[in-house]
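Residue-level listing of the chains:
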Amino acid sequence: MYLVYTDLFHLKDTIWSLIIPNLLTNGFYILLMRSFFSTSIPGEVVESAYVDGANEWVIYCKIVLPLALPSLATIGLMLMISYWNDWFNGLIFINDGSLYSIQNLLNRMLSDVQYLQQNSLSGQTAVVSSVPLGSVRMAIAVIGVLPLIAAYPFFQKFFVKGLTIGAVKG
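Caption draft 1: Representation of the packing of aromatic side chains in the model. Scanning the model with the defined rule gives six aromatic pairs in all. Between the aromatic rings of tyrosine 5 and phenylalanine 9, the centroid separation amounts to 5.8 Å while the plane-to-plane angle is 40°, which identifies the pairing as tilted. Look at tryptophan 87 and phenylalanine 88: their rings are 6.3 Å apart centre to centre, the planes differ by 80°, and that puts the pair in the edge-to-face class. According to the relative accessible area criterion, phenylalanine 88 is partly exposed, its value standing at 42%. These aromatic residues form a ring-pair network of at least three members: Tyr2, Tyr5, Phe9 and Phe93.

If you want it as structure tokens, here you go:
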């Protein structure tokens, strides 16, 4: 994988090396959308749009896409979480410090604190050796999860709509 993306596609030290590898390696989302379209979009609705004279693009944009918003929001949230948590692509593809993602910086910060705690000399880094490593890990976890918590309310309305779209009224 590394040789293909660096030698063939020349993605070393570019922002695209953080984006493209995750896009090309996950077929789960394609299967999820395929099964959603085949089970949740009624064929009668599409057929009636054909009878009314709509072409493929009109049917897709005005009928299918609005019905698929809950599944698109779910996939969007999953992709956002996977990109936000991805530090491995930055580790192997990025050497330029200005292109580091926040996860790479947090991972390097944690490894630096661990190194300083293990190799602290008496008196020189007494402040670093007195910081509990568990507290640093929890602080890094809070920093890492705050943007996801902030983004979830925007996606929540699509999840609720997706849960109630197939409900039967009594």
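Caption draft 2: View of the side chain of asparagine 104. Within the secondary structure, asparagine 104 is located in helix H8 (residues 102–118). Polar contacts involving the side chain of asparagine 104 include one to the side chain of serine 101, which spans 2.8 Å. Excluding anything up to four places from it in sequence, asparagine 104 contacts Trp87, Gly90 and Leu91.

Calculation rules
Residues numbered from 1 in each chain as written. Predicted model: local features only at pLDDT ≥ 70, side-chain atom pairs only at ≥ 80, totals over all residues. Heavy atoms only, no water. Phe/Tyr/Trp six-rings, centres within 6.5 Å; stacked < 30°, edge-to-face > 60°. Buried < 20%, exposed > 50% of the residue type's maximum accessible area, 1.4 Å probe, protein only. Helix = DSSP H or I, 4+ residues; strand = E, 2+ residues; numbered from the N terminus. Polar contact = N/O pair within 3.5 Å; in protein donor to acceptor, adjacent residues only side chain to side chain. Contact = heavy atoms within 4.5 Å.

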